[in-house]
Amino acid sequence: MLASGLMLYSCENSKKEKEEIQALEQEANAIDSVSVEMQKSKDSIEKNVQELDSLLNDLN
Amino acid sequence: MKNVAQKLIALTLILGLAVFSQNMYAQKSNEQTPKKEVKEKTEVKKEEMKKDMSKKQEEMKGKSEEMKGKSEELKEKSKEQEKEMKGKAEEQKEKAKEQEKEMKGKAEEQKEKAKEQEKEIKGKAEENMEKAKAKTENEGSAYGKDKGELSGKEYGQKRAEEAKANQEKVKAEHTQTVENAKAKQSEARTKIDEAREKLEKDYKAKKVSKEEYETKKAKIEKAEESLRNLEKRL
């Protein structure tokens, strides 16, 4: 009884920890996704600025 | 004889009297003549003076009419100027209002764009998150994986912290990029407008050929398009 109780307790603990770890990973992934999109937007703006700069130089 | 003498004396006396009275009359008439002349002259002068006066009065009236006319003209002009000024002021007010509206509109547009971008980024992030979630579920989480000396929970916490730090860094860089791009945007607008104006002037002054004009115009259009793209992104 005691052994099975301990086993059940440890199983519950490990399940809870697993859920917490998964939540943390999901949070990290979500943050990473936003970062990736921001980086893409930034890169795109920079590329546009470079292109515009080059076209403006061409006007002179 | 005595009678004759008496008659002669009487005749002489009568003649003398006649001559004397004639002389007196002549003298009187001589005295009266200058007075008449003076009177006449005075009358003539009076008439002349009257005529002069009336002439001058007429002249004065004319001048006064002229002055009145000029004053009316000036009044009209000043009224017209006032109207013109009012019109211009109204026009400027209208322009200012329009500009204000335009600015407000642009600000609203930019806000909308920023919201859309935010939504887009969030949407994409959610999509990516879903993918990552699916991947995690398929491949299994960090739980039970090789994470060196860290436990699964510690590893997860570290990952989340690193992701947050990285996001802050990317966010700051993105903000800086947007600021720089905005500065470039206004600089580009000025340069493009100036280039277009110069090109039109040069072409009108025949300083550039039709071919050169077309080439430069195409370049300006290209730069304008690139600027519009940038404006959409900001």
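Up top is the structure these notes are about.
Chemist: So what exactly am I meant to see when it comes to the overall build of chain B here?
Modeler: Counting its regular elements, chain B contains three helices and zero strands. The N-to-C order of helical and strand elements in chain B reads α-α-α. By residue count, 15% of the 234 residues in chain B fall in the buried class. Here the contacts in chain B between residues at least 6 apart in sequence split such that 63% fall between residues at least 24 apart. Per element, the accessible surface of chain B, about 20,300 Å² overall, is 53% carbon and sulfur.

Chemist: Can you walk me through the interface of chain B and chain A in this structure?
Modeler: With 44 residues of chain B in contact, the opposing surface of chain A contributes 35 residues. Both sides of the chain B and chain A interface together cover about 4,000 Å² of buried area, and 66% of this is carbon and sulfur. For the pair chain B and chain A, the number of links is six salt bridges. For Glu20(A), the salt bridge identified is with Lys153(B), shortest N-O distance 2.8 Å. Summed over the shared surface of chain B and chain A, the number is 13 residue pairs in polar contact (both at pLDDT 80 or more). Here the residues of the side of chain B that touches chain A are counted per class, giving 20 nonpolar, twelve polar and twelve charged.

Chemist: Sorry, what's going on with the packing of helix H2 (residues 152–204) of chain B against helix H3 (residues 210–233) of chain B here?
Modeler: Pairs of packed helices are described in terms of their axes, by the angle between the two and the distance that separates them. Residues and elements named next belong to chain B. Two elements in contact, H2 and H3, have axes separated by 10 Å at closest approach and are oriented at 160 degrees. Classified by the angle their axes make, H2 and H3 are roughly antiparallel. Here the hand of the crossing between H2 and H3 comes out left-handed. Every residue of H3 that contacts H2 at Ala181, Gln185, Ala188, Arg189, Ile192, Ala195, Arg196, Leu199, Glu200 and Tyr203 is listed here: Lys210, Tyr213, Lys216, Lys217, Ile220, Glu221, Ala223, Glu224, Leu227, Leu230 and Glu231. Looking at the contact of H2 with H3 residue by residue, the classes come out as eleven nonpolar, one polar and nine charged.

Chemist: Hey, could you run me through the nonpolar core in this one?
Modeler: In globular proteins that are soluble, nonpolar side chains generally tend to be buried together. By size, the foremost hydrophobic cluster in this structure holds 19 residues, and its most contacted members are Ile45(A), Leu59(A), Ile192(B) and Leu230(B). Elements with a contribution of two residues or more to this core: helix H1 (2–59) of chain A together with H2 and H3 of chain B. For Leu59(A), the residues in contact, after removing those within four places along its chain, are Ile192(B), Ala195(B), Lys219(B), Ile220(B) and Ala223(B). Listed in part, the five residues of the second largest apolar core include Leu24(A), Ala28(A), Ala160(B) and Ala163(B).

Chemist: Help me understand the side chain of Gln167(B) in this model?
Modeler: Along the chain, the position of Gln167(B) falls in helix H2. A relative accessible area of 18% means that Gln167(B) is categorised as buried. Beyond its immediate sequence surroundings of up to four residues, Gln167(B) is in contact with Ile31(A), Val34(A) and Ser35(A).

Chemist: What exactly am I supposed to notice about unusual backbone geometry here?
Modeler: Trans peptide bonds make up most of the peptide bonds, and negative phi angles are found at most residues other than glycine. Residues and elements named next belong to chain B. Of note in the backbone geometry, Lys206 takes a positive phi value of approximately 60 degrees without being a glycine. Here Lys206 lies in the loop between H2 and H3. The class of Lys206 is exposed, set by a relative accessible area of 74%.

Chemist: What am I meant to see in the pattern of salt bridges here?
Modeler: Where charged atoms of side chains with opposite charge meet at close range, the side chains can pair. Residues and elements named next belong to chain B. Considering all chains together, one arrives at 23 salt bridges over all chains under this definition. The partner of Glu84 in a salt bridge is Lys88, and the shortest N-O contact between them spans 4.0 Å. Within this pair, Glu84 and its partner Lys88 are both found in helix H1 (residues 2–139), separated by four residues, close to a single helical turn. Given the relative accessible area of 47%, Glu84 is considered partly exposed.

Chemist: Would you mind showing me how to read a nonpolar patch on the surface here?
Modeler: Residues Val4(B), Leu8(B), Leu11(B) and Leu15(B) make up a contiguous nonpolar surface patch of about 380 Å² in total accessible area. Following the sequence through the fold, Leu8(B) ends up in helix H1.

Chemist: Please clarify how the packing of aromatic side chains should be interpreted in this entry.
Modeler: The geometry of an aromatic ring pair is captured by the separation of the ring centres together with the interplanar angle, meaning the angle of the planes. Residue and element names in this part refer to chain B. In total, this model carries one aromatic pair over all chains according to the counting rule given. With centroids separated by 4.1 Å and ring planes inclined at 20 degrees, the aromatic side chains of Tyr203 and Tyr213 adopt a geometry described as stacked. With Tyr203 in helix H2 and Tyr213 in helix H3, this pair connects stretches of sequence that are ten residues apart. Residue class for Tyr213 comes out buried when judged on its relative accessible area of 8%.

Chemist: Would you mind going over H2(B) with me for this structure?
Modeler: Helical periodicity: at 3.6 residues per turn, an α-helix aligns residues three or four positions apart in one direction. Taking 1.5 Å of rise per residue, the 53 residues of H2(B) would be expected to cover 78 Å, and the 75 Å separating its terminal C-alpha atoms lies within 8% of that figure. A positive backbone phi angle near 60 degrees is found at Lys206(B), which sits one or two residues after H2(B).

Chemist: For this particular structure, what's the right way to read a negative patch on the surface?
Modeler: Side chains of Glu37(B), Glu40(B), Glu43(B) and Glu47(B) sit close together on the surface and give a patch of like negative charge. With respect to the helices, strands and loops of the structure, Glu40(B) is situated in helix H1.

So, how was this worked out
- Residues numbered from 1 in each chain as written.
- Chains lettered and ligands numbered in written order.
- Predicted model: local features only at pLDDT ≥ 70, side-chain atom pairs only at ≥ 80, totals over all residues.
- Heavy atoms only, no water.
- Helix = DSSP H or I, 4+ residues; strand = E, 2+ residues; numbered from the N terminus.
- Buried < 20%, exposed > 50% of the residue type's maximum accessible area, 1.4 Å probe, protein only.
- Contact = heavy atoms within 4.5 Å.
- Areas by Shrake-Rupley, 256 points an atom, 1.4 Å probe, with all protein chains shown as cover.
- Buried area = accessible area lost by both parts, 1.4 Å probe.
- Salt bridge = Lys/Arg side-chain N within 4 Å of Asp/Glu carboxyl O.
- Polar contact = N/O pair within 3.5 Å; in protein donor to acceptor, adjacent residues only side chain to side chain.
- Nonpolar A, V, L, I, M, F, W, Y, C, P; charged D, E, K, R; others polar.
- Axes fitted to C-alpha atoms, helices over the stretch in contact; angles between N-to-C directions.
- Parallel < 35°, antiparallel > 145°, perpendicular 65-115°, else oblique.
- Left-handed = near helix turned anticlockwise from the far one by under 90°.
- Core = buried A, V, L, I, M, F, W, Y, C linked by side-chain atoms within 4.5 Å.
- Patch = residues over 30% accessible without salt bridge, like charges linked within 9 Å, V, L, I, M, F, W, Y side chains within 5 Å.
- Phe/Tyr/Trp six-rings, centres within 6.5 Å; stacked < 30°, edge-to-face > 60°.
- Expected span 1.5 Å × (residues − 1).
- Lys, Arg positive; Asp, Glu negative; His and termini not counted.
- Charge placed at Lys NZ, Arg CZ, Asp CG, Glu CD.

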